[in-house]
Amino acid sequence: MIRMSDESKKHIISKYVIKKQKVSTRPVAERIKDFQEVSLGLNKEQAILEANRCLQCPKPKCIVSCPIGIDIPKFIRCIANENFEDAINKIREKNGLADVTGRVCPQEKLCQAACVLANKDVPITIGALERFAADVSIDKEIKALKSNGKKVAVIGSGPAGLTAAVDLAILGYEVTIYEAFHESGGVLTYGIPAFRLPKEVIGKAMRYVKYLGVKIEKNVIIGKSLTLYDLFELGYDCIFIGSGAGSPKFLHILGENLNGVYSANEFLTRCNLMRAYKFPEHSTPVYVGKQVAVIGGGNVAMDSARTALRLGANDVRIVYRRSEKEMPARIEEVKNTKDEGVKFMTLANPLKILGNNQAHVTGLECIRMELGEPDTSGRRRPVEVKGSNFTINVDMVIVAIGQKPNPIISRTTPELKVDKEGYIIVDDRGRTSFEKVWAAGDIVPGPETVIEAMSGAKNAVKDIHLYMKRREEKELVLNPVLAWKF
Amino acid sequence: MTPIIEKKELSLGIKSLTLLSPLISKKSKPGQFVVLRVSEKGERIPLTIADADSKKGTIKIVFQEVGKTTKELGKLAIGDHILDLVGPLGTPSDINLFGRVIVVAGGVGIAEAYPIAKALKKQGNKVVTILGARNKDLLTMTGEMRHVSDDLFITTDDGSVGRKGLVTDQLKELLEKGMNVDRIITIGPAIMMKAVSDITKRFRISTVASLNPIMIDATGMCGACRVSIGGETKFACVDGPEFDAHKVDFDQLLSRLDMYKNSEKISDHKCRLVND
Ligand SMILES: Cc1cc2nc3c(=O)[nH]c(=O)nc-3n(C[C@H](O)[C@H](O)[C@H](O)COP(=O)(O)OP(=O)(O)OC[C@H]3O[C@@H](n4cnc5c(N)ncnc54)[C@H](O)[C@@H]3O)c2cc1C
Ligand SMILES: Cc1cc2nc3c(=O)[nH]c(=O)nc-3n(C[C@H](O)[C@H](O)[C@H](O)COP(=O)(O)OP(=O)(O)OC[C@H]3O[C@@H](n4cnc5c(N)ncnc54)[C@H](O)[C@@H]3O)c2cc1C
Ligand code: FES
């Protein structure tokens with residue numbers, strides 16, 4: 001056993017004296033009327049106190065449990081010492097999107113779960129500290145990076161594409177992102193609502209990407225406007241695909257095409273990307289019912305329910321076929337959703353959507369479920385309770401049961417192997433079956449969160465760099481003067 | 001930003017714009033469309049690529065001013081820019097040697113049908129065209145259509161030009177007279193396509209309709225454009241816009257097109273107030 005000096009004992013005791021700082025949220029009555037951010041984060045005093053609670057473990061488990069290995073104790077120490085600029089720089093060694101991850105990461109399942117203080121139920125609120133460091137960081141231009149003369153095309157500007165672009169740019173590559181939409185950010189822009197991730201935050205993150213010299217070409221659909229083959233012809237040395245899983249899944253039950261039935265993607269895209277919540281100032285309309293059923297139990301379902309509430313729905317219900325314990329949504333968001341008055345109807349599975357003679361939804365027929373044996377995901381499988389059908393009156397249904405990959409790229413690229421659901425198959429280095437093409441994020445099997453998309457992208461960049469250097473070494477005989485920055 | 005290099009007023013409330021977009025013009029095939037946004041707060045709307053010239057790097061769009069966005073678009077002049085333009089989208093038309101093909105188009109659908117008729121003609125098909133509009137002033141591109149058709153019929157609701165009546169009257173007559181037809185293509189208002197489909201079903205002639213549901217992203221990411229084809233849900237923006245007309249649930253399409261009627265009125269009203 002290691003013997004502690006009196007000094008360090010005192011140090012630790014004093015740390016235990018500081019109370020865990022609470023992240024405050026705006027009052028429910030106020031926040032459900034607008035789209036401004038719900039969480040207020042930590043203020044400066046709180047952040048410093050919270051940072052001082054960190055025990056600075058010699059073998060920090062938080063770093064290991066962070067999918068991108070942020071040096072959490074170091075950045076926290078910078079905050080404790082009030083060196084905020086150093087804090088964000090420390091984070092940015094691994095993470096160019098701290099503004100975002102500080103807000104949307106499932107920290108309670110990752111770094112905060114691993115924090116030794118979690119045993120005492122008072123883990124450091126690492127996410128809130130990360131957010132604090134990003135929010136107080138100065139939005140400034142960075143000295144242009146030296147190009148290594150190699151060009152990489154990145155497809156998609158979601159967390160995977162942005163992370164790949166940032167890392168590649170820092171390594172000296174000339175990066176161009178191709179984005180299908182008229183705004184960049186992927187799900188951050190069209191999916192996650194402003195009350196969780198304000199537009200200014202995404203704007204600031206996006207400026208950082210541009211400061212690094214990354215070019216973003218919007219309104220270009222790879223597979224339609226340009227193919228992967230065209231990109232190679234344009235002189236790109238390699239390609240990174242981060243096109244996400246944007247195609248909405250439907251239940252394939254009767255009545256799903258009635259008016260008033262939306263996929264969560266459509267509802268959120270109308271609201272977030274097209275700003276339908278500001279209709280008619282913004283031209284895209286959105287229909288919102290009075291009694292709304294949202295089908296699903298993930299972040300997407302929570303976001304849809306809370307958006308509907310803010311747009312004037314009286315009664316919003318989450319309909320989920322498992323129990324609340326199995327819900328994949330972030331715990332904080334489940335709490336916020338409940339606090340705002342959304343009702344949870346768990347262990348209920350929709351069977352049929354009912355409509356009137358104007359082809360508009362009027363009801364949802366469901367059946368009660370009970371939990372059986374665990375399935376492949378380890379969660380207990382819901383099974384129907386025979387004869388327990390019941391109907392609820394609704395005038396809007398939002399289907400939020402998941403997304404799958406959009407086949408546009410794979411359909412036009414036969415070399416690219418995909419699995420039967422359309423996910424691009426990659427090896428552990430992120431390499432696809434098509435030489436010089438890598439992929440990560442929601443487009444490959446597995447990841448479903450921002451941080452996993454980022455982690456996959458970083459892994460791929462590491463291999464791209466290795467691959468490019470190796471190729472360069474072969475060519476060194478011909479071109480011995482080429483110098484790499486790293 | 002895409003520059004407008006030519007603008008024409010084709011008929012009452014129907015205008016055409018030629019846009020400089022080398023990327024899209026190079027890839028564009030008959031039956032495909034673009035999505036555009038006119039202003040920062042604007043909607044994304046789909047419009048068919050009515051013509052493309054890959055040498056000049058241009059595409060042409062023809063649109064009818066029916067609501068806020070199409071009216072805003074109509075106000076743009078040569079030298080102005082389209083804020084966002086993306087394409088080409090959708091699955092191209094099936095252009096093959098079928099034999100004799102009847103193209104039935106109504107309203108602004110005539111412009112949408114033009115590139116398809118042109119390609120079918122070039123492929124060696126006999127192309128018979130039936131064009132319809134409410135009246136003479138609303139008829140577009142008859143000259144261009146005549147150029148790519150072996151036979152051309154015009155109908156107007158009021159008889160101001162061509163035959164008085166509907167396109168379906170003309171179609172029925174040709175089919176009843178026993179014209180040998182291998183394929184029918186119909187583009188126009190959903191209600192017209194439904195009527196065409198009902199007739200050709202009786203005559204058992206394979207018919208393709210180009211559907212026009214409301215779209216947002218038009219890349220398969222939202223499902224706004226879903227249509228029922230033979231009882232199966234398809235996304236018109238990626239699986240279509242062309243489908244086997246006899247399998248289309250037109251009533252569902254019609255009701256889905258009406259979903260935002262009230263909002264569209266508000267939006268258009270506000271835009272008129274602002275512009276007046
Ligand atoms: C409503 C909602 C809430 C969520 N909440 C959370 C949360 O709280 N925490 C969390 O960790 N995760 C959350 N997620 C999941 C998370 O957002 C995703 O896992 C993550 O965004 C995946 O990143 P990505 O870069 O792989 O894909 P995306 O973010 O989907 O980005 C892909 C981008 O590629 C573009 N693209 C697609 N095809 C093409 C093409 N052919 N050519 C050019 N561009 C193309 C798309 O337009 C898009 O911009 C949420 C998801 C949704 C929908
Ligand atoms: C694949 C595709 C190709 C199209 N090509 C053309 C084209 O080449 N030229 C052209 O003029 N129009 C075309 N349309 C229709 C065009 O997109 C709509 O007219 C346009 O979106 C209307 O926008 P708005 O804001 O001006 O009118 P809004 O205010 O949105 O609507 C005004 C009126 O138009 C109707 N409307 C709205 N959306 C559509 C729609 N998608 N189809 C039919 N009616 C609609 C509304 O019900 C309403 O009555 C196409 C549609 C699709 C799906
Ligand atoms: S328009 Fe969104 S999926 Fe077709």
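Rules of the game
- Residues numbered from 1 in each chain as written.
- Chains lettered and ligands numbered in written order.
- Predicted model: local features only at pLDDT ≥ 70, side-chain atom pairs only at ≥ 80, totals over all residues.
- Heavy atoms only, no water.
- Helix = DSSP H or I, 4+ residues; strand = E, 2+ residues; numbered from the N terminus.
- Buried < 20%, exposed > 50% of the residue type's maximum accessible area, 1.4 Å probe, protein only.
- Near = heavy atom within 4 Å.
- Polar contact = N/O pair within 3.5 Å; in protein donor to acceptor, adjacent residues only side chain to side chain.
- Nonpolar A, V, L, I, M, F, W, Y, C, P; charged D, E, K, R; others polar.
- Contact = heavy atoms within 4.5 Å.
- Buried area = accessible area lost by both parts, 1.4 Å probe.
- Salt bridge = Lys/Arg side-chain N within 4 Å of Asp/Glu carboxyl O.

Let's talk about unusual backbone geometry
Then, number 1: The linkage connecting B:Gly87 with the following residue, B:Pro88, adopts the cis geometry, with an omega of -5°.
Then, number 2: Tracing the chain through its elements places B:Pro88 in strand 7 (residues 84-89).
Then, number 3: In this structure, A:Asp121 is a non-glycine residue whose phi angle is positive, near 70°.
Then, number 4: Along the chain, A:Asp121 falls in the loop between helix 8 (111-114) and helix 9 (126-136).
Then, number 5: Since its relative accessible area comes to 66%, A:Asp121 is described here as exposed.
Then, number 6: Look at B:Arg204: it is not a glycine, yet its phi comes out positive at around 55°.
Then, number 7: By secondary structure assignment, the location of B:Arg204 is in the loop between helix 6 (190-202) and strand 13 (207-210).

A look at the site of ligand 2
All names here are of chain B.
Then, number 1: Close to ligand 2 lie 23 residues; Pro-46, Thr-48, Val-62, Gln-64 and Thr-70 are nearest.
Then, number 2: The contact in question runs from a nitrogen atom of ligand 2 to an N or O atom on the backbone of Asn-212, over 3.0 Å.
Then, number 3: Here Leu-257 contributes a backbone N or O atom positioned 3.4 Å from an oxygen atom of ligand 2.
Then, number 4: The biggest single contributor to the shell around ligand 2 is strand 4 (residues 45-53), with 4 residues.
Then, number 5: Counted by class, the shell around ligand 2 contains 12 nonpolar, 6 polar and 5 charged residues.

Considerations on the interface of chain B and chain A
Then, number 1: At the interface, 42 residues of chain B touch 42 residues of chain A.
Then, number 2: On the chain B side of the contact with chain A, B:Lys41, B:Met221 and B:Arg226 bury the most area, a combined 19% of that side's loss.
Then, number 3: The interface formed by chain B and chain A contains 3 salt bridges.
Then, number 4: We note a salt bridge from B:Lys27 to A:Asp230, for which the minimum N-O separation is 2.5 Å.
Then, number 5: Inspection of the chain B/chain A interface yields 22 residue pairs in polar contact (both at pLDDT 80 or more).
Then, number 6: For the side of chain B that touches chain A, the elements supplying multiple residues, two or more each, are helix 1 (22-27), strand 7, strand 14 (226-229), strand 15 (232-235), helix 7 (236-239), helix 8 (250-257) and helix 9 (261-275) of chain B.
Then, number 7: Its residues assigned to classes, the side of chain B that touches chain A shows 16 nonpolar, 14 polar and 12 charged.

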